[in-house]
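# Summary of structural features
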Amino acid sequence: RDTLRTKALEKLGAACVKCGFSDNRALEIDYILCRKNGGKQHIHGAKLYRRILIGESFPVQVLCANCHTIKTRTETKRPDTQRHPAQSTDKLQGE
């Protein structure tokens, strides 16, 4: 069964624009310009999918989860080693 999300991904190319990965379980629709860097208010979910399907133009691209994470961390200048404040390094190391 095709979902709105799957149909929207197909309309956008159904593959990561960075690495070519194409398993839609790990594909995400990314706004090319994030709000922090001057992008406008974003819509998400079914509302975004429907608007893509009727042909509205949005500054979006398809990224796999890994490429999306790398892009987000680069934009926010967040290093890979940063952890959520609630996480303890002891728990992560199994101590």
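Residues numbered from 1 in each chain as written. Predicted model: local features only at pLDDT ≥ 70, side-chain atom pairs only at ≥ 80, totals over all residues. Heavy atoms only, no water.

We now examine the state of the cysteines. In protein chemistry, a disulfide is the covalent bond that joins the sulfur atoms of two cysteines. Within the structure shown, the criterion is met by zero disulfides. In this model Cys 16 remains outside any disulfide bridge; the closest cysteine sulfur is found in Cys 19, 3.7 Å from its own. (Disulfide = S-S within 2.5 Å.)

Our focus in this paragraph is the pattern of salt bridges. This model, assessed by the stated rule, comprises four salt bridges. With its nearest N and O atoms 2.5 Å apart, the salt bridge here joins Arg 25 to Asp 23. The exposure class of Arg 25 is exposed, given its relative accessible area of 72%. Among the charged side chains, a network of salt bridges with common partners joins Asp 30, Lys 71 and Glu 75. (Salt bridge = Lys/Arg side-chain N within 4 Å of Asp/Glu carboxyl O. Buried < 20%, exposed > 50% of the residue type's maximum accessible area, 1.4 Å probe, protein only.)

Glancing now at the nonpolar core. If you look at soluble globular proteins, the nonpolar side chains tend to sit buried side by side. By size, the foremost hydrophobic cluster in this structure holds 16 residues, and its most contacted members are Ile 29, Leu 48, Ile 52 and Phe 58. Of all elements in the fold, only helix 1 (4–11), strand 1 (27–31), helix 2 (45–53) and strand 2 (60–64) reach the threshold of two or more residues within this core. Ranked by residues supplied to this core, first place goes to strand 2 with four residues. Discounting chain neighbours no more than four positions away, the residues touching Ile 29 are Ala 8, Leu 9, Leu 12, Leu 48, Tyr 49, Ile 52, Val 60 and Gln 61. (Core = buried A, V, L, I, M, F, W, Y, C linked by side-chain atoms within 4.5 Å. Helix = DSSP H or I, 4+ residues; strand = E, 2+ residues; numbered from the N terminus. Contact = heavy atoms within 4.5 Å.)

Moving on: unusual backbone geometry. For residues other than glycine, phi is negative in most cases, and the peptide bonds are mostly trans. The phi torsion at Ala 14 lies on the positive side, around 55 degrees, for a residue other than glycine. Given the relative accessible area of 25%, Ala 14 is considered partly exposed.

By the criterion of burial, strand 2 is predominantly enclosed, with five of the five residues buried. Note that strand 1 and strand 2 share five bridges and pair antiparallel. Paired with Tyr 31 across the two strands is Val 60, which belongs to strand 2. (Pairing = 2+ DSSP bridges.)

Purely geometric stuff here, so don't read any function into it on its own.
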